[in-house]
Amino acid sequence: MIYCAVLFLAIVIATCIVDAKTILCSGVNKTHTHGWKVNDESCVYLTMDDVRTAMANYLWKNIMPYDVPQAISLGFNPSAATTPSSYVETQIAAAEHRGSIQSPSRFLQQSLQAQPCVDGLSDGILNQTLHYSLLAKSMYPWADAIPKDIYMEFVVPYAITNEPRTDYRQLVFESLRESLKKWERPTTNRLQMVEQYDIQGTIKEVVKLINTRLWSILGRPNKPIVFQAGLTPRIYDPLSVIAYGHSSCTGLAVLLISALRTVGIAARLAGTPAWYGDEENGNHSWLEVYIPGDDGGQWIFLEPSPGIAEGDEDTANADDLDRDPCKRWFCKSDRFNGSTLVFATLYTRSELSLFYPMAWGVGDEGVIGLNRTDYYNSVCGVCP
């Protein structure tokens, strides 16, 4: 017992590694403990089962209203999860009244004994989402620098807005794995100490690499995924974008965000529902990526760079997190003069939550949002 305690302490000390700016809390192995950064100076360690349960409870507690009627099909067990937010409880009550979801009590009675898997049925996309969220945490060192609350909200969720719910993570993870091989921890021993290095620079490098290669890797032979206007909301979930090989700005951003989340990088959708506050002027979507740091980290924006074919990666100059914001076509002072509102997507719900206004779903308040107008006015408002 004393030996085990000393060994665990040694693991904790060995895996909390501090570089000039960032604490890395190493994910220890695939079955036992996962390290989480809980503030700027400390790590906490949880068992794999505890982390998985916490992830499932978080997703259920903050579930989007669109998903309440199909919660069980998605893989949720409402009877075993924590109490959802009051808003979600209202949605659940309405769904129970319609009969589109079983009450927790009835579901509990039917779930007391594990049932064998019926041929042709699975356990929903939740299981795959949790599996790859945990796998990315244990495999890629940049995930060690992302605080637990950020990882929960901007890596774990299976959806970003009201796009169709599809099981994309396995496909995307396996498609990108070879490109990320040099950063992957050995599968035989993930207890190893994480080397000190520039974690911020590594995340930026990985983001640019994915924004460069994603479109050809997931595209068809000699035909990368490309931009095509006017396709939201018809084609904007990850698998639809992959299947059709094209999408407009929202679908491309959703695909890139989904790819980054799949490999443990925190990302979220950002955009304006109306340039200059007028819907007739159009809308635009892009993404923001979280970069950890001793100041609480920061969110930096970029655009997808679709259309890069295999073999053209070195000359394509895909957008990246170090690019001067003023170099992006929309980041100009005339667009950000106080009349354009910008929002970013969230997943955590509270009584004071704002909603994310979707140009393709006017009046839909199902997605939680954060007003980012002041940030973009300060950054883009100085661009000629």
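Please read all numbers here as calculations on a predicted model, not as lab measurements.

Parameters and conventions
- Residues numbered from 1 in each chain as written.
- Predicted model: local features only at pLDDT ≥ 70, side-chain atom pairs only at ≥ 80, totals over all residues.
- Heavy atoms only, no water.
- Helix = DSSP H or I, 4+ residues; strand = E, 2+ residues; numbered from the N terminus.
- Buried < 20%, exposed > 50% of the residue type's maximum accessible area, 1.4 Å probe, protein only.
- Contact = heavy atoms within 4.5 Å.
- Areas by Shrake-Rupley, 256 points an atom, 1.4 Å probe, with all protein chains shown as cover.
- Pairing = 2+ DSSP bridges.
- Axes fitted to C-alpha atoms, helices over the stretch in contact; angles between N-to-C directions.
- Polar contact = N/O pair within 3.5 Å; in protein donor to acceptor, adjacent residues only side chain to side chain.
- Core = buried A, V, L, I, M, F, W, Y, C linked by side-chain atoms within 4.5 Å.
- Parallel < 35°, antiparallel > 145°, perpendicular 65-115°, else oblique.
- Left-handed = near helix turned anticlockwise from the far one by under 90°.
- Nonpolar A, V, L, I, M, F, W, Y, C, P; charged D, E, K, R; others polar.
- Disulfide = S-S within 2.5 Å.

Topic: the overall build of the protein
Across its full length, the protein carries 13 helices and 12 strands. Residues classed as buried in the protein amount to 52% of the 384 residues present. Excluding contacts between residues fewer than 6 apart, the proportion of contacts in the protein whose partners are at least 24 apart in sequence is 66%. When the accessible surface of the protein is split by element, carbon and sulfur atoms take 53% of a total near 17500 Å².

So, the sheet that holds strand 12 (residues 368-371)
In space, the 6 strands of this open sheet follow the order 9-8-7-10-12-11, with antiparallel pairing throughout. Single-partner strands in this sheet number two, and they are strand 9 (298-302) and strand 11 (354-355). Here strand 7 (residues 267-272) runs beside strand 8 (residues 284-291); their pairing, made up of 6 bridges, is antiparallel. Bridging across to strand 8, Ala 267 finds its partner in Val 289. Sitting on the sheet, helix 9 (residues 199-217) is in contact with strand 8 and strand 9, with an inclination near 150° to strand 8. Across the sheet, helix 13 (residues 373-380) touches strand 7, strand 8, strand 9 and strand 12, and the angle it forms with strand 9 is around 65°.

A look at the pairing of strand 10 (residues 343-346)
The alternating pattern of strand 10 places Phe 343 and Thr 345 on one face and Ala 344 and Leu 346 on the opposite face, and all of these are buried. The sheet contact formed by strand 7 and strand 10 spans 2 bridges and is antiparallel. Of the residues in strand 10, the one forming a bridge with Gly 271 is Phe 343. As defined by bridge partners, strand 10 adjoins strand 12 across 4 bridges and the pair is classed as antiparallel. In the sheet register, Thr 345 faces strand 12, and the bridge partner there is Gly 369.

A closer look at the environment of Asn 371
In this structure, Asn 371 sits in strand 12. Sequence spacing of Asn 371 and Ala 344 is 27 residues, and the spatial spacing of their C-alpha atoms is 6.6 Å. Contacts of Asn 371, omitting those with residues within four sequence positions, involve Val 342, Phe 343 and Leu 354. Only 2.7 Å separates the side chain of Asn 371 from the side chain of Thr 373, close enough to count as a polar contact.

Observations regarding the nonpolar core
In this structure, Trp 142, Ile 210 and Val 289 are the most contacted members of the largest nonpolar core, which totals 86 residues. Grouped together as the second largest cluster of nonpolar side chains are 14 residues, Phe 301, Cys 326, Val 342 and Ala 344 included.

Some points on the packing of helix 2 (residues 48-61) against helix 6 (residues 125-139)
For any two helices packed against each other, the geometry is given by the interaxial angle and the distance between the axes. For the pair helix 2 and helix 6, the least separation of the axes is 10 Å and the interaxial angle reads 130°. Considering the angle they form, helix 2 stands oblique to helix 6. Note on packing geometry: the crossing formed by helix 2 with helix 6 is right-handed. Seen from helix 2, the contacting residues are Met 48, Val 51, Arg 52, Met 55, Ala 56 and Leu 59; seen from helix 6, they are Leu 126, Asn 127, Leu 130, His 131, Ser 133 and Leu 134. Along the lines of polarity and charge, the residues of the contact of helix 2 with helix 6 split into 8 nonpolar, 3 polar and 1 charged.

Observations concerning the packing of helix 6 against helix 8 (residues 169-177)
Packing of helix 6 against helix 8 brings their axes to within 9 Å, and their N-to-C directions diverge by 25°. Viewed along their axes, helix 6 and helix 8 adopt a mutual orientation that is roughly parallel. Contact residues: Gln 128, Thr 129, Tyr 132, Ser 133, Leu 135 and Met 139 in helix 6; Arg 169, Gln 170, Phe 173, Glu 174 and Arg 177 in helix 8. Each residue belonging to the contact of helix 6 with helix 8 can be placed in one class, and the counts come to 4 nonpolar, 4 polar and 3 charged.

Remarks on the state of the cysteines
Within this structure, the stated rule accounts for 2 disulfides. Shown here is the disulfide that connects Cys 326 with Cys 383, its sulfur atoms set 1.9 Å apart. Since a negative S-S torsion denotes a left-handed disulfide, the Cys 326-Cys 383 link at about -75° is left-handed. With a gap of 57 residues between them, Cys 326 in the loop between helix 12 (313-316) and strand 10 and Cys 383 in the segment after helix 13 connect regions that are remote in the sequence. Note on cysteine connectivity: Cys 331 is disulfide-linked to Cys 380, with sulfurs 1.9 Å apart. Judged by the sign of its S-S torsion, about -100°, the cystine formed by Cys 331 and Cys 380 is left-handed. Highlighted residues: Cys 331 in the loop between helix 12 and strand 10 and Cys 380 in helix 13, separated in sequence by 49 residues. Among the residues examined, Cys 331 registers a relative accessible area of 0% and is labelled buried.

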